[in-house]
Amino acid sequence: MFLALKELKYAKFRYVMMTTIIILIAWLVFILSGLGNGLATLSAATLKNIDAEYVVYEETAGATFAKSILSENLQDDLEKQNNVDKVAAFGASTIAVGKTKSKDADSKEDVAFLGVEPDAFVMPEVIEGEKLSYDNKKGVVINDTLKEAGYKIGDILLVANSDMKLEVVGYVKGETYNHLPAIFTVMENWRDYQYAAPGSDNDTDKAVQAFFLKAPNLEDPTTIDKAVKDVETVTKKTAINGMPGYKEENGTIMMMLAFCIVISAFIIAVFFYVITMQKTQQFGVMKAIGASNGFIGKAIVAQVAILSVLGIVIGIVLTYLTAKILPEGMPFDLEPTLIISYAIVLLIIALLSSIVSVRQIVKIDPLTALGRVE
């Protein structure tokens, strides 16, 4: 460590440039991870927020809400299954709402119209206003981001291409579905919209799209499929991945992150390799006076560790500062666990990249190095 610190003080400019590169790489990785996590959250926040382990679909739906139609009457059968604690029906649609009837698209908001039972565990906590109730069948609870669009408690929302009217009774927080702000309504009201066309529910009594199961002790979901006819039970993670575009979107971000990390490994390795080659004569002198390969190697690794930790910490600070100036509507969600995970990955990669330089040091012959002309 002593040798590493002395070298860093002696060649300040060289190592400042190296640290700057690490800062920029870390900054880019953290920004991309925040954007990726923000997009994932925006796409499926409502599903992620539901405290459930499994989702039950129609057998032929391919674990997709839009393709699934089940009878709400199945809820009793599902509740009777072993290790199933709670069951809640769920339905999802996409609608456009506005305060007035208008042909102007700018006066309407696209929202996710979600049907739930008012007292079910899938219904999120209302942070302001009233809860859903069958006493007010047309009442809806909306995501608080719709406040920015001018929607407040007591407003009457007119559903585009429909005669349906909805009354805002409360707000929830952090509820989005398919990148759209969610509005929650009672299941009966959702059903009136979703299956308004004759025959669209396939003559299913009290049609819903799926059921969420609170079943932490259920180990084999196929037991439900065998006990209840024409259903498919999947994990909540599978249900989230089955949302249109979710896997593809996440895959793109993860691919960008992977390439960024791989490229950063090469950049750091090349820079330290070049620096090591420039100091071949010095290392030869050190070996000639008795310094071991291990001693010199530890100094190199210590240098990489110091510069990497400093660069990563500054990258984290810059990322949080960047997050404060990003537009309000930009999906950016930087979780502490995400920051720690990528910081550790970057540090490990930086340390591993230093092995290239250490291996080069081992090959240095003191006699050859001392006779080398710089």
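For clarity, every value in this text was computed on a predicted model and none was experimentally measured.

Caption draft 1: Here's a closer look at the overall build of the chain. From N to C terminus, the chain includes 11 helices and 13 strands. Classification of the 374 residues of the chain by burial places 48% in the buried group. When the accessible surface of the chain is totalled, it reaches about 19100 Å², and 60% of it is carbon and sulfur.

Caption draft 2: Geometry of the pairing of strand S8 (residues 165-172). Of all eight residues that make up S8, six are buried, and the element is covered over most of its length. The pairing of strand S5 (residues 128-129) with S8 spans two bridges and is antiparallel. Bridging from a neighbouring strand, Glu128 pairs with Tyr171 of S8. Here strand S6 (residues 139-143) pairs with S8 via five bridges, running parallel. Bridging across to S8, Val140 finds its partner in Val168. Here strand S7 (residues 156-159) folds back onto S8 in antiparallel fashion, the turn holding five residues, of which Asn161 has a positive phi close to 60°.

Caption draft 3: Examining the pairing of strand S4 (residues 109-116) more closely. Counting buried positions along S4 yields six of eight residues, so the element is predominantly enclosed. Of the strand pairs in this sheet, strand S3 (residues 86-98) and S4 are connected by seven bridges, and their pairing is antiparallel. The residue of S4 that forms the bridge with Ser93 is Phe113. Bridge count for S4 against strand S10 (residues 180-186) is five bridges, and the pairing is parallel. Residue pairing across strands places Gly115 opposite Thr185, the latter belonging to S10.

Caption draft 4: Here's a closer look at unusual backbone geometry. The phi dihedral of Asn161 is positive, around 60°, even though this residue is not glycine. Take Asn161: it is sitting in the loop between S7 and S8. The exposed category is assigned to Asn161, whose relative accessible area is 84%. Unusually for a residue other than glycine, Lys206 sits at a positive phi of about 50°. In this fold, Lys206 is placed in the loop between helix H4 (187-194) and strand S11 (207-208). Lys206 sits in the partly exposed class, given a relative accessible area of 46%.

Calculation notes
Residues numbered from 1 in each chain as written. Predicted model: local features only at pLDDT ≥ 70, side-chain atom pairs only at ≥ 80, totals over all residues. Heavy atoms only, no water. Helix = DSSP H or I, 4+ residues; strand = E, 2+ residues; numbered from the N terminus. Buried < 20%, exposed > 50% of the residue type's maximum accessible area, 1.4 Å probe, protein only. Areas by Shrake-Rupley, 256 points an atom, 1.4 Å probe, with all protein chains shown as cover. Pairing = 2+ DSSP bridges.

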